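Chain residues, written in single-letter form:
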Amino acid sequence: MNYAVRDEKVRETAYHLLKERGVTMDHLVELVMYLQKPYFPDLDKETCEYNIKKVLQKREIQNAIITGIQLDILAEKGMLIEPLQEMLAQDEGLYGIDEVLALSIVNVYGSIGFTNYGYVDKVKPGILKVLNQKEGNEGVVHTFLDDIVGAIAAAASSRLAHSRFGTR
């Protein structure tokens with residue numbers, strides 16, 4: 001088995017799925033700026049993008065992206081068993097596995113990532129608000145995607161904070 005080829009395929013698939021679902025680097029940069037600008041007034045977009053790209057290079061992050069988005073797509077197509085189909089299609093508040101998957105992303109970068117994720121998951125700034133809207137998005141499922149995007153931004157914010165203090 002050629003792991004280098006598979007690794008490239010996994011990376012390309014994760015990036016493609018984010019883009020296909022409407023999530024751009026600019027959206028992610030906006031979230032990182034939102035989270036970290038109060039602590040780093042000199043923060044620029046290039047630094048945010050650098051840290052996001054570093055997060056996205058990790059295989060466990062790519063795996064979480066692919067898994068979560070695939071579940072959203074299957075829910076859109078009505079291809080999941082009940083009651084899972086209904087829970088994902090409605091983004092049921094008691095489901096919680098979408099947040100568990102997101103926490104696997106932030107776990108890579110420590111406790112700052114956890115607090116950042118909890119905050120953006122609650123306030124839903126920027127693209128997170130768009131992904132979480134139900135009106136005008138009939139038939140579209142972002143049960144996992146909104147949490148994944150928030151987690152990527154939180155992880156990049158954590159990485160940024162650690163790098164500013166010389167710990168990553």
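Look a little higher up for the structure.
Here goes a summary of the coordinates provided.

So, how was this worked out
- The residue numbers shown here count from 1 along each chain, following its written sequence.
- Two thresholds apply to this predicted model, a pLDDT of at least 70 for residue-level local features and 80 or more for giving and counting side-chain atom pairs, whereas whole-chain, interface and lining totals are computed over all residues.
- Side-chain figures throughout are based on the complete set of non-hydrogen atoms in the structure, without hydrogens or water.
- To obtain each axis, a line is fitted to C-alpha atoms, and for helices this fit is confined to the stretch in contact; angles are then taken between N-to-C directions over 0 to 180 degrees.
- Helical segments are the DSSP runs of H or I of at least four residues, strand segments are the runs of E of at least two, and each set is numbered from the N terminus.
- When an angle is under 35 degrees it counts as roughly parallel; over 145 it counts as roughly antiparallel; between 65 and 115 it counts as roughly perpendicular; any other value is oblique.
- Working rule for handedness: look at the near helix, and if it is turned counterclockwise from the far one by less than a right angle, call the crossing left-handed; if clockwise, right-handed.
- Any two residues whose heavy atoms approach within 4.5 Å at even a single point are treated as in contact.
- Each residue gets one label: Ala, Val, Leu, Ile, Met, Phe, Trp, Tyr, Cys and Pro are nonpolar, Asp, Glu, Lys and Arg are charged, and the others, such as Gly, are polar.
- Three labels apply to residues, based on accessible area from a 1.4 Å probe with only protein chains included: buried if under 20% of the type maximum, exposed if over 50%, partly exposed otherwise in between.
- Two rings from Phe, Tyr or Trp (for Trp, the six-membered ring) form a pair when their centres sit within 6.5 Å of each other. Planes less than 30 degrees apart are called stacked, planes more than 60 degrees apart edge-to-face, and all others tilted.
- Buriedness for pockets is judged along seven lines, at least five of which must meet protein on both sides within 12 Å for an open set on the 1 Å grid over protein atoms alone, while cavities are sets there where a 1.4 Å probe fits but cannot get out, and lining residues have an atom within 4 Å of a point.
- Grid points are joined across faces, edges and corners, and a volume is the space filled by probe spheres set on the points.

Let us now look at the packing of helix α6 (residues 97–106) against helix α7 (residues 111–123). α7 packs onto α6 with a crossing angle of 140° between their chain directions and a minimal axis gap of 9 Å. Judged by the inter-axis angle, α6 sits oblique to α7. Of the two elements, α6 crosses α7, and the hand of that crossing is right-handed. Counted together, Glu99, Ala102, Leu103 and Val106 of α6 and Gly113, Phe114, Tyr117 and Asp121 of α7 form the full contact between these two elements.

Moving on to the packing of helix α4 (residues 59–76) against α6. Look at α4 against α6: their axes get within 9 Å of each other, and the N-to-C directions meet at 165°. Classified by the angle their axes make, α4 and α6 are roughly antiparallel. For the crossing formed where α4 meets α6, the hand is left-handed. Mapping the contact onto sequence places Ile61, Ala64 and Gly68 in α4 and Leu101, Ser104 and Ile105 in α6. Of the residues that constitute the contact of α4 with α6, the class distribution is four nonpolar, two polar and no charged.

All right, on to the environment of Leu80 then. The residue Leu80 is located in the loop between α4 and α5 (84–89) in this model. On the basis of relative accessibility, which here comes to 14%, the residue Leu80 falls in the buried class. Those residues within four positions of Leu80 in sequence are excluded, and the remaining contacts are Leu71, Leu74, Ala75, Gln85 and Leu88.

The description of two aromatic rings rests on the distance between their centres and on the angle between their planes. What the rule picks out here adds up to two aromatic pairs. When the centroid spacing of 6.0 Å and the interplanar angle of 10° are considered together, the rings of Tyr34 and Tyr119 count as stacked. With Tyr34 in helix α2 (residues 25–36) and Tyr119 in helix α7, the pair connects residues that are 85 residues apart, well separated along the chain. For Tyr34, a relative accessible area of 37% gives the class partly exposed. Between Tyr95 and Phe144, the aromatic rings sit 6.1 Å apart at their centres with planes inclined by 85°, giving edge-to-face as the arrangement.

Gaps between atoms show up when a probe of the same size as a water molecule is rolled over them. Volume-wise, the largest pocket comes out at about 150 Å³. Forming the boundary of the largest pocket are Tyr15, Leu18, Lys19, Val23, Thr24, Met25, Leu28, Lys53 and Leu56. Among the elements that line the lining of the largest pocket, the one with the most residues is helix α1 (residues 3–20), at three residues. For the lining of the largest pocket, the residue count by class is six nonpolar, one polar and two charged.

None of the figures reported here should be taken as evidence of function without further support.
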